[in-house]
Amino acid sequence: MILNLFSQFASPNLFGLPLIFIALLAPWFVFPTPCNRWLTNRVVTIQTWFVKTFTKQIFSPLNTPGHKWALILTSLMIFLLGMNLLGLLPYTFTPTTQLSLNLGLAIPLWLATVAIGFRNQLTASLGHFLPEGTPTPLIPILIIIETISLFIRPLALGVRLTANLTAGHLLIQLISSATLALLFSSPIVSALTFITLILLTMLEIAVAMIQAYVFVLLLSLYLQENT
């Protein structure tokens, strides 16, 4: 049962080729390319409104040097949002349930923000390791704690996204299996379970959008500290 339960998180293969590459490319085909026409269709209009709103929300607290990251973080937001939502469809695969992929996104971007901080404001970046007015006996302990907390940030980014999406997919599979098993033995209980499944699916849609936003928001906060 455990193997069947977690088999949905294994990357499927077709003719020996992993289909995770198709899942990674799928969000870029779903979102249309903006055009320069005065009148556009509803999908492009909604996408343009979303990008403008998201960019304003994320980059308004940042300094001017941090605005150079607008294209990277906006593209990352659309990428994560597309993968999370497409992974909720039946017979699909969610790449963001893989910790390796999430860490592969989190570690380089986090490392880039740290490198920018050390390059542009070395004194201020080093000052985060030791708050002003710290007693002398606590200096080594605080430096160790702040260093550990700095290196835990990318791990927390990847684990948060993986854990939330994995837990949601497991709950959906468990409740859907219970709904099917109770269909003939207890139709009333099966109907109630199905209603719970619908509500949980709506919750997972919200979680998929929120987790993509939180991932990019935390990266913007790390960037704000280093710019």
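Just so it is clear, the structure is predicted and the values come from calculations on it, not from any experiment.

What follows deals with the overall build of the chain. A tally of helices and strands in the chain yields eight helices and two strands. Helices and strands appear in the chain in the N-to-C order α-β-β-α-α-α-α-α-α-α. Taking all 227 residues of the chain together, 34% fall into the buried category. In the chain, the share of contacts with a sequence separation of at least 24, taken over all contacts with a separation of at least 6, comes to 73%. Approximately 14,200 Å² of the chain is accessible, and the part contributed by carbon and sulfur atoms is 74%.

Per the counting criterion, the structure on display carries three aromatic pairs. Here Phe54 and Tyr213 contribute two aromatic rings whose centre-to-centre distance is 6.4 Å and whose plane-to-plane angle is 75°, an arrangement assigned as edge-to-face. One end of the pair, Phe54, is in helix α3 (residues 42-59); the other, Tyr213, is in helix α8 (residues 187-225), and 159 residues separate them in sequence. Owing to a relative accessible area of 26%, Tyr213 belongs among the partly exposed residues under this scheme.

Moving on, we get to α3. Taking 1.5 Å per residue, 18 residues should reach 26 Å; α3 reaches 26 Å between its end C-alpha atoms and fits that length. Elements in contact with the buried residues of α3: α4 (70-86) and α8.

Below, the discussion takes up the UniProt feature "transmembrane region" (unreviewed entry) in the chain. Per the UniProt entry, the sites bearing "transmembrane region" (unreviewed entry) are residues 12-31, 69-89, 101-118, 138-159, 171-199 and 205-223 in this numbering. Between the end C-alpha atoms of residues 101-118 the distance is 26 Å, and the span holds 100% helix and 0% strand.

Glancing now at the packing of α3 against α4. Closest axis-to-axis distance for the α3/α4 pair is 11 Å, and the angle between their directions is 120°. Taken as axis vectors, α3 and α4 run oblique relative to one another. Judged by the twist between their axes, the crossing of α3 over α4 is right-handed. In this structure, α3 contributes Phe50, Val51, Phe54, Thr55 and Phe59 to the contact, and α4 contributes Ala70, Leu73, Thr74, Met77, Ile78 and Leu81.

Moving on: the environment of Thr162. Along the polypeptide, Thr162 turns up in helix α7 (residues 139-181). For Thr162, a relative accessible area of 11% gives the class buried. In the structure, Thr162 is positioned 65 residues away from Thr97 in sequence and 4.8 Å away in space, judged by C-alpha atoms. Setting aside anything within four residues of it in sequence, one finds Thr162 in contact with Thr96, Thr97, Gln98, Leu99 and Asn102.

This part is about the environment of Gln173. Examined against the element boundaries, Gln173 turns out to sit in helix α7. Residues Gln173 and Leu197 lie 24 residues apart in sequence; the distance between their C-alpha atoms is 9.3 Å.

Before going further, it helps to spend a moment on the packing of α3 against α8. Relative to each other, α3 and α8 sit at 40°, their axes nearing to 10 Å. As judged from the angle between their axes, α3 and α8 are oblique. In this structure, α3 crosses over α8, and the sense of that crossing is right-handed. Residue-level contacts link Phe54, Gln57 and Ile58 of α3 to Tyr213, Val216, Leu217 and Ser220 of α8. A class-by-class count of the residues in the contact of α3 with α8 yields five nonpolar, two polar and no charged.

Rules behind the numbers
Here the residue numbering is sequential within each chain, running from 1 through the sequence in written order. Under the rules for a predicted model, residues below a pLDDT of 70 receive no local features and side-chain atom pairs below 80 are neither given nor counted, while totals for whole chains, interfaces and linings still include all residues. Water and hydrogen atoms were dropped before computing side-chain values, which therefore reflect all heavy atoms in the structure. Strands here are runs of E lasting at least two residues and helices are runs of H or I lasting at least four, both read from the DSSP assignment and numbered beginning at the N terminus. Type-normalised accessible area, obtained with a 1.4 Å probe on protein chains alone, sets the label of each residue: buried when under 20%, exposed when over 50%, and partly exposed for intermediate values. It only takes one pair of heavy atoms within 4.5 Å for two residues to be counted as in contact. Values of accessible area rely on a 1.4 Å probe in the Shrake-Rupley scheme; residue burial ignores everything except the protein chains shown. Ring geometry is summarised as follows: Phe, Tyr and Trp rings, the Trp one being its six-membered ring, pair when their centres sit within 6.5 Å, and such pairs are stacked at plane angles under 30 degrees, edge-to-face over 60 and tilted between the two. One less than the number of residues in a helix, times 1.5 Å, gives the span that helix is expected to have. UniProt positions are given in the numbering used here, feature names are shortened, and annotations may be inferred rather than shown by experiment. In this analysis an axis means a line fitted to C-alpha atoms, helices contributing only their contacting stretch, and an angle means the value between N-to-C directions, from 0 to 180 degrees. Working rule for angles: under 35 degrees goes down as roughly parallel, over 145 as roughly antiparallel, 65 to 115 as roughly perpendicular, anything else as oblique. Crossing chirality is assigned from the near helix's rotation relative to the far helix, an anticlockwise turn below a right angle marking it left-handed and a clockwise turn marking it right-handed. When residue character is reported, Ala, Val, Leu, Ile, Met, Phe, Trp, Tyr, Cys and Pro are called nonpolar, Asp, Glu, Lys and Arg charged, and the others, Gly included, polar.

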